[in-house]
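Fold and contact review
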Amino acid sequence: MTYEEFIALPEDGKRYELIEGELVLNPAPVTKHQRVLRKLLTRLDRYFEERGGGEVFCTPYDVVLSDETIVEPDLLVVMSERASIVREKRAHGAPNITIEILSEGSRRRDEVTKRRLYEQHGVDEYWIVDPAIDVVKLYRRMGTGFEPAVELNTESGGAITSPLLPGFALDVNFIFAE
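So, here is what we can say about the structure in this document. (Residues numbered from 1 in each chain as written. Predicted model: local features only at pLDDT ≥ 70, side-chain atom pairs only at ≥ 80, totals over all residues. Heavy atoms only, no water.)

Helix and strand counts for the protein chain stand at four helices and 13 strands. Across the 178 residues of the protein chain, 47% fall into the buried class. In the protein chain, the proportion of contacts linking residues at least 24 apart, taken out of those at least 6 apart, comes to 52%. As displayed, the protein chain offers around 8,800 Å² of accessible surface, 49% of which is attributable to carbon and sulfur atoms. When the 22 basic and 32 acidic side-chain charges of the protein chain are each reduced to a single mean position, those positions are 3 Å apart. (Helix = DSSP H or I, 4+ residues; strand = E, 2+ residues; numbered from the N terminus. Buried < 20%, exposed > 50% of the residue type's maximum accessible area, 1.4 Å probe, protein only. Contact = heavy atoms within 4.5 Å. Areas by Shrake-Rupley, 256 points an atom, 1.4 Å probe, with all protein chains shown as cover. Lys, Arg positive; Asp, Glu negative; His and termini not counted. Charge placed at Lys NZ, Arg CZ, Asp CG, Glu CD.)

Quick look at the nonpolar core now. Core analysis: the largest hydrophobic core is formed by 25 residues, its most contacted members being Leu40, Trp127, Ile160 and Leu165. Only α2 (31-51), β6 (75-79), β8 (97-101), β9 (125-130), β10 (135-142) and α4 (172-176) provide two or more residues apiece to this core. When residues in this core are grouped by element, the largest group, six residues, is from α2. Listed in part, the 20 residues of the second largest apolar core include Ile19, Val24, Ala94 and Leu117. (Core = buried A, V, L, I, M, F, W, Y, C linked by side-chain atoms within 4.5 Å.)

We now examine helix α3 (residues 107-120). Its 14 residues place the ends of α3 19 Å apart at the C-alpha level, agreeing with the 20 Å of an ideal helix rising 1.5 Å per residue. Its maximal kink placed at Lys114, α3 deviates by approximately 35 degrees. Of the residues making up α3, those classed as buried are Arg109, Asp110, Lys114, Leu117 and Tyr118. Just beyond α3, the residue with positive phi is Gly122, at close to 95 degrees. (Expected span 1.5 Å × (residues − 1). Bend = angle between axes of the 7 residues up to and from the residue.)

On to unusual backbone geometry. A cis amide bond links Thr59 to the next residue, Pro60, at an omega of 0 degrees. One non-glycine residue, Glu20, lies in positive phi territory at about 50 degrees. Structurally, Glu20 is set in the loop between β1 (15-19) and β2 (22-26). With phi around 55 degrees, Asp134 is a residue other than glycine that occupies positive phi space.

A contiguous patch of negative charge, built from Glu4, Glu5, Asp67 and Glu68, is present on the exposed surface. Turning to its location among the elements, Glu5 is positioned in helix α1 (residues 3-7). (Patch = residues over 30% accessible without salt bridge, like charges linked within 9 Å, V, L, I, M, F, W, Y side chains within 5 Å. Salt bridge = Lys/Arg side-chain N within 4 Å of Asp/Glu carboxyl O.)

No statement about biological role is implied by the geometric values presented.
Here it is, written out as structure tokens:
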């Protein structure tokens, strides 16, 4: 399937992605997933309201990485220097940060396939948030590829920080608290 075929699909209330030409149905998120998403979105949105320099988007929002790959990250951050990728209905190009919140139906795709795609298409940071085990893994671009930057969990504690977001710190325990 191509980009043109993908965007011509009739609306059926389901969420799809196009992964290297293959149409993939995304499962509906569970309650904890939604809570984690809300907390991340709220804190990132507040950061940009206070400091400017970019904006955060949340699902459902398509990101066109190529004619054969249209993904729908749970959250994405677009800094001002990449603002031109944001269009009326979707982003066309690599966000600075993509964030995926894992679910049982998306775990392998998010950790393997989408990590590779984000790396190949120029995303600067990829955050994988796993609410099943209360872990956040951050990958940062080093040269042409991602390197593991940090892994945080509720046992060891710590805060998500990023060189792309000066002054931003989000406690891992807050993210997973119910």
